[in-house]
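Chain by chain, the residues run as shown.
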Amino acid sequence: MACDLTPQYRPAFHYTPAANWMNDPNGLVFHQGRYHLFYQYHPDGPTWGPMHWGHATSTDLLHWQEHPVALAPDALGMIFSGSAVVDHDNRSGLGAEGVAPLVAMFTHHRPADAQAGVASLEQQSLAVSLDDGRTWVKFEGNPVLPNPGLKDFRDPKLCWLAARQRWLAVVACGDCMRFYSSPDLKSWALESQFTHDLGSDGVWECGDLFPLHDAAGATWWVLLVSVTLGGPNGGSSTLYFIGDFDGHRFTPLDTQIRWLDFGPDNYAGVTWSGVDERALFIGWMSNWLYAASVPTSPWRSAMTMPRELQLRMSEDGPRVASVPARELLSLQGPATLALREVSLPLPLDLDAGLRAAVGVFVLRLEIDALRSFSLSLGSPGGDELLIGYDRDRTAWFIDRRRAGRVDFHPQFAGCHSAPRLATAPQSDLQLYVDATSVELFADDGLTAMTCLFFPREPFASMTLSSTDGLKLGALAVHPLGAGRGS
Ligand code: FRU
């Protein structure tokens, strides 16, 4: 294995490949006690290149084992994003005696060849594994869903429609999502398409469709759409529509654009198949604006931490909240700092809690009266990451402008903000901090933000300040043990 040239930036509990470039999560499927994470991977370099599917597995979503590349380019092109399912009843006929096949559906992307005057071509293909994902064989009848004349036609996300006894594939088509159905994963029929003017030139990518239940037990269908441009804080980002799906057509409740995560660094995320009781999600923790320039070596990019998506009723209707997957609790050590009933006219020094947690920790605030405040993570050399709440703008924020290395790309530095979507005077905040990332979950996950940073030296001080009368019911810092371990 290549040795780390930037070991200080290797995350402790986020998945990274040992070396080389990674983007979208692909083929998320839970099978026989193991979570599979495939991903867009360029095994020959630290920037995007001919796409393969890399592969890792985990039994707990935290400790990942990296495996050999699962799918490599062939005569039909590169292997772009897609999904995987267990075909329990062998409806595809691709299984073997007593073995339900794992079936992956992915995009074959043939790049344009300007000299030959040939445009790019995207079409959907299958691959099958009969040994629990270890080895994959591409289906000889590929492509199973040829291109219908669209420039963008990719990232098929499969789900099983029990009511119709059909598979459904959501396919991203430039400025819309198309829904295709199939009895056997091999022959596909167009059901419908959904579009909405997002007001930007962003390309629709990596769709996902799944049901969530509200507290009253009603079912809502959520359509995830990742867009290459126009995110709330610039660049690529993931939004969702909420509505109804009748097995053929998605009908949104309204056309409001709701962002799944307001931070700049959560893209192309989708949910696991084979996990029925919860919508388990992971995203690519980067942004197409600067992903190829982030100063890590010999790997580039990490996944977000695993999250559960839940439906909540807010003042302005249903919302998808993001909460840390419960597995994260198993990484949590005893509190290195725990305070109760704190009122904050003065800066509060939290250094002890930070030092004992060696920079990888979760900080939780139970807030009795939410006011403007700012949490500063600082290094002796003057790098400073600020995270907080601005009452005048009713917005959470993460300011990485002075948090260390920002020089590698002109669009990396920024003070990113997210609206508060709750109105109660009380609030709660969880910050999961790893070597180069913070993931913020506020108001029980109604607002989520994911943000990378690259400090020049480890943060050694942590201070909470508010001149506005913030009142805390409780504050706790817990170290998070290493997870990644491949
Ligand atoms: C999203 C995406 C997908 C595509 C893949 C290529 O980040 O652009 O639409 O399949 O990445 O690597």
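Remember, predicted model here, so these are calculated numbers, not experimental data.

Asker: Could you give an account of the side chain of His478, naming the residues involved and the relevant values?
Answerer: With respect to the helices and strands, the residue His478 is situated in strand 34 (residues 470-479). For His478, a relative accessible area of 14% puts it in the buried group. Within polar-contact distance, the side chain of His478 engages the side chain of Gln332 at 3.4 Å. Those residues in contact with His478 that sit more than four places away from it in its chain are Gln332, Gly333, Pro334, Ala335, Val360, Phe361, Val362 and Arg364.

Asker: Please set out the UniProt feature "domain: Glycosyl hydrolase family 32 N-terminal" (unreviewed entry) in the protein chain residue by residue, giving values where relevant.
Answerer: In the numbering adopted here, UniProt assigns the feature "domain: Glycosyl hydrolase family 32 N-terminal" (unreviewed entry) to residues 14-313. Segment residues 14-313 splits into 0% helix and 49% strand. End C-alpha atoms: 30 Å apart.

Asker: Please set out the sheet that holds strand 22 (residues 317-324) residue by residue, giving values where relevant.
Answerer: The strand order across the open sheet built from 4 strands is 18-19-21-22, with neighbouring strands paired in antiparallel fashion. With one partner strand each, in any of the chains shown, strand 18 (267-271) and strand 22 form the two edges of the open sheet. Pairwise comparison of adjacent strand axes, ignoring direction, gives a mean angle of 40° for this sheet. Sheet topology note: the strand 19 (residues 279-284)/strand 21 (residues 307-314) ladder contains 3 bridges and is antiparallel. Of the residues in strand 21, the one forming a bridge with Leu280 is Glu308.

Asker: Can you lay out the packing of aromatic side chains for me, pointing to particular residues and giving the numbers?
Answerer: For the coordinates displayed, the defined rule picks out 31 aromatic pairs. Measuring from centroid to centroid gives 5.5 Å for Phe38 and Trp53, while their planes differ by 40°, and the two rings are tilted. Of this pair, Phe38 sits in strand 2 (residues 34-42) while Trp53 is found in strand 3 (residues 52-58), placing the two residues 15 residues apart along the sequence. Aromatic pair Phe194 and Phe241: ring centres 4.9 Å apart, planes at 75°, arrangement edge-to-face. With Phe194 in strand 12 (residues 189-195) and Phe241 in strand 15 (residues 237-245), the pair connects residues that are 47 residues apart, well separated along the chain. For the pair Phe194 and Phe241, one class covers both residues: buried. Directly above the ring of Trp299 sits Arg10, whose terminal nitrogen or CZ lies 3.9 Å from the centroid.

Asker: Residue-level account of the site of the ligand, with values.
Answerer: Looking at the ligand, the residues that line it are Asn23, Asp24, Gln40, Trp48, Met51, Phe80, Ser81, Arg154, Asp155, Glu205, Tyr267 and Trp288. Contacts to the ligand include Trp48, whose side-chain N or O atom sits 3.0 Å from an oxygen atom. A distance of 2.7 Å separates an oxygen atom of the ligand from a polar side-chain atom of Glu205. Notes on the ligand: free accessible area 320 Å², of which the protein chains cover 96%. Only strand 1 (20-31), strand 5 (78-86) and strand 9 (154-161) provide two or more residues apiece to the shell around the ligand. Here the shell around the ligand is built from residues that sort into 5 nonpolar, 3 polar and 4 charged.

Asker: Give me the lowdown on the domain arrangement of the protein chain, citing residues and values where you can.
Answerer: What the domain assignment reports for the protein chain is domain 1 (16-326) and domain 2 (332-479). Taking only C-alpha atoms, the centre of domain 1 and the centre of domain 2 are 31 Å apart. With 27 residues of domain 1 at the contact, the number on the domain 2 side is 29 residues. Roughly 2400 Å² of surface becomes buried between domain 1 and domain 2 when both sides are summed, with 63% attributable to carbon and sulfur atoms. Here domain 1 and domain 2 share 3 salt bridges between them. With its nearest N and O atoms 2.7 Å apart, the salt bridge here joins Glu439 to Arg307. Taken together, the connections running from domain 1 to domain 2 amount to 14 residue pairs in polar contact (both at pLDDT 80 or more). Mapped onto the side of domain 1 that touches domain 2, the elements with two or more residues apiece are strand 21 and strand 22. Here the side of domain 1 that touches domain 2 gets 5 residues from one element, more than from any other, and that element is strand 22. Here the residues of the side of domain 1 that touches domain 2 are counted per class, giving 12 nonpolar, 9 polar and 6 charged.

Asker: Describe in detail the UniProt feature "domain: Glycosyl hydrolase family 32 C-terminal" (unreviewed entry) in the protein chain, supporting the description with residues and values.
Answerer: Per the UniProt annotation, the sites labelled "domain: Glycosyl hydrolase family 32 C-terminal" (unreviewed entry) are residues 363-469. Note that residues 363-469 is 0% helix and 54% strand, and that its end C-alpha atoms are spaced 20 Å apart.

Asker: Which residues make up the pairing of strand 14 (residues 219-227), and what values go with them?
Answerer: By the criterion of burial, strand 14 is predominantly enclosed, with 8 of the 9 residues buried. Of the strand pairs in this sheet, strand 13 (residues 204-213) and strand 14 are connected by 8 bridges, and their pairing is antiparallel. Across the sheet, residue Trp204 finds its bridge partner in strand 14, namely Val227. Taking the residues between adjacent antiparallel strands as the criterion, strand 13 and strand 14 are bridged by 5 residues, where Gly217 takes a positive phi near 90°.

So, how was this worked out
Residues numbered from 1 in each chain as written. Predicted model: local features only at pLDDT ≥ 70, side-chain atom pairs only at ≥ 80, totals over all residues. Heavy atoms only, no water. Helix = DSSP H or I, 4+ residues; strand = E, 2+ residues; numbered from the N terminus. Buried < 20%, exposed > 50% of the residue type's maximum accessible area, 1.4 Å probe, protein only. Polar contact = N/O pair within 3.5 Å; in protein donor to acceptor, adjacent residues only side chain to side chain. Contact = heavy atoms within 4.5 Å. UniProt positions renumbered as here; feature names shortened; annotations may be inferred. Pairing = 2+ DSSP bridges. Axes fitted to C-alpha atoms, helices over the stretch in contact; angles between N-to-C directions. Phe/Tyr/Trp six-rings, centres within 6.5 Å; stacked < 30°, edge-to-face > 60°. Lys NZ or Arg CZ within 6 Å of the ring centre and 35° of its normal. Near = heavy atom within 4 Å. Areas by Shrake-Rupley, 256 points an atom, 1.4 Å probe, with all protein chains shown as cover. Nonpolar A, V, L, I, M, F, W, Y, C, P; charged D, E, K, R; others polar. Domains from an automatic or database assignment. Buried area = accessible area lost by both parts, 1.4 Å probe. Salt bridge = Lys/Arg side-chain N within 4 Å of Asp/Glu carboxyl O.

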